[in-house]
Amino acid sequence: MTPMESSSKDNDAEADPSTKNEAPPKESKLPRSIQTAFDAKYNIVDLQTPLNAFMSGQYKRSFAYHSLRNRLPVVLTNVIDTMTREKTELVAQYASNDFEKAARDELKTIIGLISQLKYELQTDKAFHNFKGAEPDQDDWNNFLGDLPSGERTFYRGCSLHAECYLYRKLYSFVENSIFLKGYDYFAKIKEQALTGSMDDVLALTKYTRRPERTPKFFGELLKINLWSNCNDAASDPEAAAQMLNLRVLKDVEATNEYVLVDHAAEIWRCLTTGNLKKPQQVDFILDNAGYELFSDLILAEYMVEQGMATKVRFHVKAHPWFVTDVTERDFKWTLEYLSQHADYIISLLGKKFMQFLDEGKFELAPISHFWTSPHAFCSMAQTDPELYSSLQLSKLVVFKGELNYRKLLQDVCWASTLELSTCLRGFLPSNICVLRRVKSEIVSGLAEGSSQALASKDPHWMVSGSYGLIQFVDGAREFGY
Ligand SMILES: O=P(O)(O)OC[C@H]1O[C@](O)(CO)[C@@H](O)[C@@H]1O
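Residues numbered from 1 in each chain as written. Predicted model: local features only at pLDDT ≥ 70, side-chain atom pairs only at ≥ 80, totals over all residues.

(A) Summary view of the overall build of the chain. Per the secondary structure count, the chain includes 22 helices and 7 strands. A buried classification covers 48% of the 481 residues belonging to the chain. Long-range pairs, those at least 24 residues apart, make up 79% of the contacts in the chain with a sequence separation of at least 6. (Helix = DSSP H or I, 4+ residues; strand = E, 2+ residues; numbered from the N terminus. Buried ≥ 20, exposed ≤ 12 C-beta atoms within 10 Å, placed from the backbone. Contact = placed C-beta atoms within 7 Å.)

So, in structure tokens, the structure goes:
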């Protein structure tokens, strides 16, 4: 992969190789000699991701390398374990008695395909075309075909492409099966993410039953929402303790020092000015299920009840994705679960959300394969003009989480001081809001000197998940929205 040329240089990226872009090496379990042999074999260079380059596994000191080497193989192993563990249950659920043996054999084949995928990941093999009945097959195959030949493998390519490819391939095995179509190997993890957080859910419910229409309270809700993205625990124990959901609710202001950019006032202004008699739609590009989705629903409820939105549209993933991302089934399951909960106040709220859905105050956007494609968002207007136009109808598009952020920034390590609006490279269907915990070396819009100061305080600040961003880009300034 060729680093993108640019004259601008982020000094902190150059100053100390042990700071800005270093992955957390302490999590590696491999002896040094084996790692070295691996690195030599696959041309891994002992560098951080250069400024203006795509994130890629070829840079050993990057989070991308760490993810490909240590995290993604574990994801695949866990899926294999889940399928093996649930074999009997799955066969009973998906095949009638007559087909039990055939279903068992198919499951075995799928497990074999996943092992093969893991092997390809671990030996930096080339991406393969999709050859089944995938509805988004043409788009994927064209995309893969257009990649420069040197960027078609897991470690040589942009890590956004590699990760998306991995999750898409994984689903294709189930999707192209005879018996297991529709099976979500991540479903139980997602359900547990909610059922295991009911104390947090109850606390947030109580916290938000006082309808304060003030910018201050709205700002608090944005922060609560930002920190609700907690599937990857922060590595800094002090920060981690601060970000526990209940702790956040106890004292939201105490998390301020971890919010690196806070554009809450602009977001408030965007939703409370203009012709409020006209219908006003807000779109949420969702991230994770569990407590995070619950806090999305709470934020959306607030927007609707305070007249900031007449409708909130939720965009979900077309299939299991990045482990905990919300699919349509997860969304509906969540509302169902809440509405039937034994706690009266939670069940009332669940029923209220369902009623919002019936009344059109909440809406599930049509399923789009764009969100599970490898494309950066700057290509949306060309690759999915329909989706782009539908977002143009929105007053505000809220992008949740790390992966959406990486796609907004094309997975490029821009200089940390570059404005978000510049990094979007023309993607601006409407006003944009970003709520994101920083988990990889992709960032924008920081004040001069800020990344250097953070790096000297915590060398892992970019990958720890301890810091967050609440960013806003004003679509009106560009297009008179
Ligand atoms: O759920 P989120 O916030 O999108 O985080 C998932 C992302 O974070 C990472 O764990 C770190 O970048 C990636 O593997 C993945 O892109």
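(B) Spotlight on the site of the ligand. Close contacts around the ligand come from 15 residues, with Gly401, Glu402, Leu403, Lys439 and Ser440 the closest. Secondary-structure elements contributing two or more residues to the shell around the ligand are helix H3 (63–85) and helix H19 (401–408). The element that contributes the greatest number of residues to the shell around the ligand is H19, accounting for 4 residues. Broken down by class, the residue content of the shell around the ligand amounts to 3 nonpolar, 6 polar and 6 charged. Residues from two domains meet in the shell around the ligand; each of domain 1 (11–185) and domain 2 (189–479) gives at least three. (Near = placed C-beta within 6 Å. Nonpolar A, V, L, I, M, F, W, Y, C, P; charged D, E, K, R; others polar. Domains from an automatic or database assignment.)

(C) Focus on the packing of H3 against helix H5 (residues 100–122). The contact between H3 and H5 brings their axes to 10 Å, and the two run at 175 degrees. When the axes of H3 and H5 are compared, the pair comes out roughly antiparallel. Packed against H3, whose contacting residues are Leu68, Leu72, Pro73, Leu76, Val79, Ile80, Met83 and Thr84, the element H5 presents Leu107, Ile110, Ile111, Ile114, Ser115, Leu117, Lys118, Leu121 and Gln122 at the interface. (Axes fitted to C-alpha atoms, helices over the stretch in contact; angles between N-to-C directions. Parallel < 35°, antiparallel > 145°, perpendicular 65-115°, else oblique.)

(D) Molecular detail of the sheet that holds strand E1 (residues 259–262). The 7 strands lie next to each other as E1-E7-E6-E5-E2-E3-E4, forming an open sheet whose pairing is mixed. Two strands close off the open sheet at either side, each with one partner strand: E1 and strand E4 (362–364). Going from strand to strand, the sheet's axes swing by 15 degrees on average, the running direction of each strand aside. Direction of pairing for strand E2 (residues 281–285) relative to strand E5 (residues 396–400): parallel, over a ladder of 4 bridges. Counterpart to valine 282 in the pairing with E5 is leucine 396. (Pairing = 2+ DSSP bridges.)

(E) Region of the structure containing the nonpolar core. The biggest cluster of nonpolar side chains holds 124 residues, and the ones touching the most others in it are Met303, Val398, Phe399 and Cys433. Among the elements that take part in this core, helix H7 (residues 159–175) stands out by supplying 10 residues, more than any other. Of the residues that make up this core, three or more belong to each of domain 1 (11–185) and domain 2 (189–479). Beyond its immediate sequence surroundings of up to four residues, phenylalanine 399 is in contact with Ile285, Asn404, Tyr405, Leu408, Ile432, Cys433 and Val434. (Core = buried A, V, L, I, M, F, W, Y, C linked by C-beta atoms within 7 Å.)

(F) Highlighting the domain arrangement of the chain. Per the domain assignment, the segments of the chain are domain 1 (11–185) and domain 2 (189–479). When each unit is reduced to the centre of its C-alpha atoms, the spacing between domain 1 and domain 2 is 26 Å. Between domain 1 and domain 2, the contact holds 33 residues from the first and 29 residues from the second. For the side of domain 1 that touches domain 2, the secondary-structure elements that each account for two or more residues are helix H1 (11–15), H3, helix H6 (137–146) and H7. The element best represented in the side of domain 1 that touches domain 2 is H7, accounting for 8 residues. A breakdown of the residues in the side of domain 1 that touches domain 2 according to their chemical character gives 17 nonpolar, 9 polar and 7 charged.

(G) Geometry of the environment of arginine 437. On the secondary structure map, arginine 437 appears in strand E6 (residues 431–437). Residue arginine 437 is classed as buried on the basis of its C-beta count, with 24 C-beta atoms lying within 10 Å. For arginine 437 and tyrosine 258, which are 179 residues apart along the polypeptide, the C-alpha to C-alpha distance reads 9.6 Å. In contact with arginine 437, other than residues within four places in its own chain, are Leu226, Asn229, Glu402, Gly465 and Gly468.

(H) How the structure looks around helix H16 (residues 344–359). Compared with the 22 Å implied by 1.5 Å per residue over 16 residues, the 22 Å span of H16 between its first and last C-alpha is a close match. When H16 is considered as a whole, its buried residues turn out to be Leu349, Gly350, Phe353 and Phe356. Buried residues of H16, seen end-on, are gathered within an arc of 115 degrees and therefore sit on one face of the element. Opposite its buried face, H16 presents the exposed residues Tyr344, Gln355, Asp358 and Glu359, each directed more than 90 degrees away. Close packing links the buried residues of H16 with helix H9 (198–207), helix H14 (291–305), helix H15 (328–339) and E4. Glycine 360 sits one or two positions beyond H16 and adopts a positive phi of about 80 degrees. (Expected span 1.5 Å × (residues − 1). Arc of directions from axis to C-beta.)

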